[in-house]
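Spelled out from the first residue to the last, the chains are:
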Amino acid sequence: MAETAKLCFRNKTALAPMVRVGTLPMRLLALDYGADIVYCEELIDIKMAQCKRVVNEVLDTVDFVAPDDRVMFRTCSREKDRVVFQMGTADPQRALIVAQLVQNDVAAIDVNMGCPKEYSTKGGMGAALLSDPDKIEAILTTLVNGLSKPVTCKIRVLPSLEDTVKLVKRIEKTGVSALAVHGRFKEERPQHPVHCDYIQAVTKVVSIPVIANGGSLDLVKTHSDITKFREATGACSVMVARAAMWNPSIFCSKGTVSVDEVMEEYIKYAVRYDNNAFNTKYCLCQMLRDRVESPMGKQLHAAQTTKEICAVYSMMEYYDKIESELQQRREEKNNTIESHPTLDGDVITMPVRFEKREYPPQITPKMYLLEWSRREKLEQPVYEVVQRSQDRAFQSTVIVAEKKYRSTLWEKSKKSAEQAAAVVCLRVLGVPEGRVGEDSCELVNKRKREENKNGEIQSEDSPVPELDGRKRHITQSPEKAEEPANRTTNKAVMNALHVNQTAS
Ligand SMILES: Cc1cc2nc3c(=O)[nH]c(=O)nc-3n(C[C@H](O)[C@H](O)[C@H](O)COP(=O)(O)O)c2cc1C
């Protein structure tokens, strides 16, 4: 199979890396409007090194998920050839581990050497690297030698032009494919004027593509200013941060689109890709700029969830449509998972996550399991919870009719872990769990009452309700229905397990 062409950094306009702003919705929007390259927000190597790569079949994305289940980096095929993964690092080997983890899902790897914030510099990352050229060389050489994707870095200029020139020559020798230069000293704030002359000096001494950055406040206000900034610095490419954060349609060569329209498009992506609501809100507040104190800005400020954000923008119809599509996909996915419970020692396990939003308010799987146990005249379910030390996540095992059930996935709270264990038990048993759109217990009771009235053999004590679409879990013969509830349940569960009995 032909290898895809490596990302070229010449004659390009790029969305700059921006914490909270540069997540998937903003990157896709920038691409829609005409950006050639999009950088993700800076992600710290220590956090990324703990992540697992997960293909998210519901959203059609690839997620890098932390042990506490937070999605640290989400990407999709649409941006694969144009997204640059930026990391914060001060450790060549850790940087390599992270870069190897993500490289097949991104177009290039960038190292942030310009962040002046204390959280970065105190760990030797960001702008702290600028005063440690040996470390810069070690990180970049390790990455260039160990990766198949282009490696780049983003620096700030040093107070002396001579030192800046020395540094960039050394950086070029490591084999990086491009160099982004933010034309400010590390002590300077975003409102200080950008030093175009420093960027120009850099472009004269290196032959790799230089990407000019820092023009947003005074120089780059419209699309045509991007070209002017390119010319003023002599760089071959331009990277835009704040001007794009305020209105990403700055990348559009046909002229900018109204911010109101842009916000709507941004929200659509945020819903579609389940963007962190806090980040979505942050981004929208940036786009509102001086309107952030308006009544709408205040409503936005009060919104806590994506749904509430959509309500502020009168986009509930869109939200409901996408949410129901995603919900349908989640259910399809759950159904696939449901058919594969496995035995781990004496515990029946399934990879189940407790999603609160899948249940009506006040309804939980634990309630359903308790109600079912009472009806089956079983002892009350008993929950055991463990917490692991590395991320303080919880896992629960529930004991029902002397059988143990557990989700293989760890949850952030004890409560969610118990709910997940209850879901595993209910799904294995084929009992309703109370999810939205599912047959409810009420329905089961009503049906049974009606069946009794009609003189059918169905007994109220039938150990396992056989509901539409769930029969596949439990195959019961009529004799088994006469057995004591707990024994029957146990056997039925074992029947339901697609495992080799010897495996236990
Ligand atoms: C909200 C915000 C977040 C930022 N986060 C990052 C980051 O994660 N990595 C980085 O290298 N620079 C970051 N920056 C700096 C920008 O990438 C850029 O260098 C700076 O804003 C100057 O460019 P501009 O004049 O186009 O805004 C951030 C800037 C802003 C405004």
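Every value quoted in this text rests on a predicted model; they were computed, and no experiment measured them.

Q: Explanation requested: the packing of aromatic side chains in the structure shown.
A: The way to describe two aromatic rings as a pair is by their centre distance and the angle between their planes. Applying the stated rule across the entire model yields five aromatic pairs. Ring pairing ties together the aromatic residues Phe64, Phe73 and Phe85, which thus form one cluster. When the ring centre of Tyr282 is taken as reference, the NZ or CZ atom of Arg20 above it lies at 4.6 Å. Above the plane of the ring of Trp246 lies Arg289, whose end atom (NZ or CZ) is 3.6 Å from the centre.

Q: Would you mind going over the confidence of the model for the protein with me for this structure?
A: As a note on interpretation, predicted positions should not be read in detail where pLDDT is low. Per-residue confidence for the protein gives a mean pLDDT of 87, with 85% of residues at or over 70. Every residue in residues 443-504 scores below 50 in pLDDT, and together they form 99 contacts with partners more than four places removed in sequence or on other chains.

Q: Whenever I open this one, the nonpolar core confuses me. Can you help?
A: Nonpolar side chains tend toward joint burial in soluble globular proteins. Met48, Phe85 and Tyr313 are the most contacted members of the largest nonpolar core, which totals 116 residues. Ranked by residues supplied to this core, first place goes to helix α1 (residues 24-33) with seven residues. Summarising the domain contributions, this core has at least three residues from each of domain 1 (13-257) and domain 2 (266-337). In contact with Phe85, not counting residues within four places along its chain, are Cys40, Leu43, Met48, Phe73, Val98, Val102, Val106, Ala108, Ile109 and Asp110. Listed in part, the 24 residues of the second largest apolar core include Val398, Ala420, Val424 and Cys425.

Q: Looking at this structure, how should I read the site of the ligand?
A: Neighbouring the ligand are 18 residues, the closest being Gln86, Lys154, Asn213, Ser216 and Arg242. Within the backbone of Glu42, a nitrogen or oxygen atom sits 3.1 Å from an oxygen atom of the ligand. Contact with the protein chains hides 86% of the accessible area of the ligand, taken as 610 Å² for the molecule alone.

Q: Please clarify how the state of the cysteines should be interpreted in this entry.
A: Covalently bonding the sulfur atom of one cysteine to the sulfur atom of another cysteine gives a disulfide. Taken as a whole and assessed by the stated rule, the structure comprises zero disulfides. Note on Cys283: no disulfide assigned, nearest cysteine sulfur contributed by Cys285 at a separation of 9.5 Å.

Q: Looking at this structure, how should I read helix α16 (residues 414-429)?
A: Along an α-helix, residues three or four positions apart point the same way, because every turn accommodates 3.6 residues. The first and last C-alpha atoms of α16 sit 23 Å apart over 16 residues, in line with the 22 Å expected at 1.5 Å per residue. Residue Gly430 follows α16 closely and has a positive phi angle near 80 degrees.

Q: I'm lost on the sheet that holds strand β13 (residues 342-344) in this one. Help?
A: To summarise the sheet geometry, strands pair through backbone hydrogen bonds and adopt either a parallel or an antiparallel arrangement. Ordered in space as β13-β14-β17-β16-β15, the five strands form an open sheet in which the pairing is mixed. Edge positions in the open sheet fall to β13 and β15 (382-387), since each of these has one partner strand only. Looking at each pair of strands side by side, their axes are set apart by 30 degrees on average, direction ignored. Pairing of β15 with strand β16 (residues 394-400), which is carried by six bridges, proceeds in the antiparallel orientation. For Val382, the partnering residue across the bridge sits in β16 and is Ile399. Most of the contacts of helix α15 (residues 365-375) go to β16, to which it runs at about 15 degrees, and overall it touches β15 and β16.

Q: So what exactly am I meant to see when it comes to the sheet that holds strand β4 (residues 52-56) here?
A: The strand order β4-β5-β6 describes an open sheet built from three strands, whose pairing is antiparallel. Of all the strands in the sheet, just β4 and β6 (71-75) have a single pairing partner and so form its edges. In this sheet, neighbouring strand axes are inclined to one another by 25 degrees on average, regardless of whether the strands run parallel or antiparallel. Across four bridges, strand β5 (residues 61-65) lies against β6 in antiparallel orientation.

Q: Just checking my understanding: could you explain the layout of surface pockets for this structure?
A: One water molecule sets the probe size; rolling that probe over the atoms shows where empty space is left. As a volume, the second largest pocket reaches approximately 850 Å³. Surrounding the second largest pocket, 32 residues form its lining, Pro17, Met18, Lys117, Arg156 and Pro190 being those nearest its centre. Elements that contribute at least two residues to the lining of the second largest pocket include exactly β9 (151-156), β12 (237-240) and α9 (242-246). Of the residues forming the lining of the second largest pocket, the biggest block, three residues, is contributed by β9. Class assignment for the residues of the lining of the second largest pocket results in 15 nonpolar, eight polar and nine charged.

Definitions and limits used
- Residues numbered from 1 in each chain as written.
- Predicted model: local features only at pLDDT ≥ 70, side-chain atom pairs only at ≥ 80, totals over all residues.
- Heavy atoms only, no water.
- Phe/Tyr/Trp six-rings, centres within 6.5 Å; stacked < 30°, edge-to-face > 60°.
- Lys NZ or Arg CZ within 6 Å of the ring centre and 35° of its normal.
- pLDDT = per-residue confidence, 0-100.
- Contact = heavy atoms within 4.5 Å.
- Core = buried A, V, L, I, M, F, W, Y, C linked by side-chain atoms within 4.5 Å.
- Buried < 20%, exposed > 50% of the residue type's maximum accessible area, 1.4 Å probe, protein only.
- Helix = DSSP H or I, 4+ residues; strand = E, 2+ residues; numbered from the N terminus.
- Domains from an automatic or database assignment.
- Near = heavy atom within 4 Å.
- Polar contact = N/O pair within 3.5 Å; in protein donor to acceptor, adjacent residues only side chain to side chain.
- Areas by Shrake-Rupley, 256 points an atom, 1.4 Å probe, with all protein chains shown as cover.
- Disulfide = S-S within 2.5 Å.
- Expected span 1.5 Å × (residues − 1).
- Pairing = 2+ DSSP bridges.
- Axes fitted to C-alpha atoms, helices over the stretch in contact; angles between N-to-C directions.
- 1 Å grid on protein atoms, 1.4 Å probe; cavity = no way out; pocket = protein on both sides within 12 Å on 5 of 7 lines; lining within 4 Å.
- Points joined across faces, edges and corners; volume = space filled by probe spheres on them.
- Nonpolar A, V, L, I, M, F, W, Y, C, P; charged D, E, K, R; others polar.

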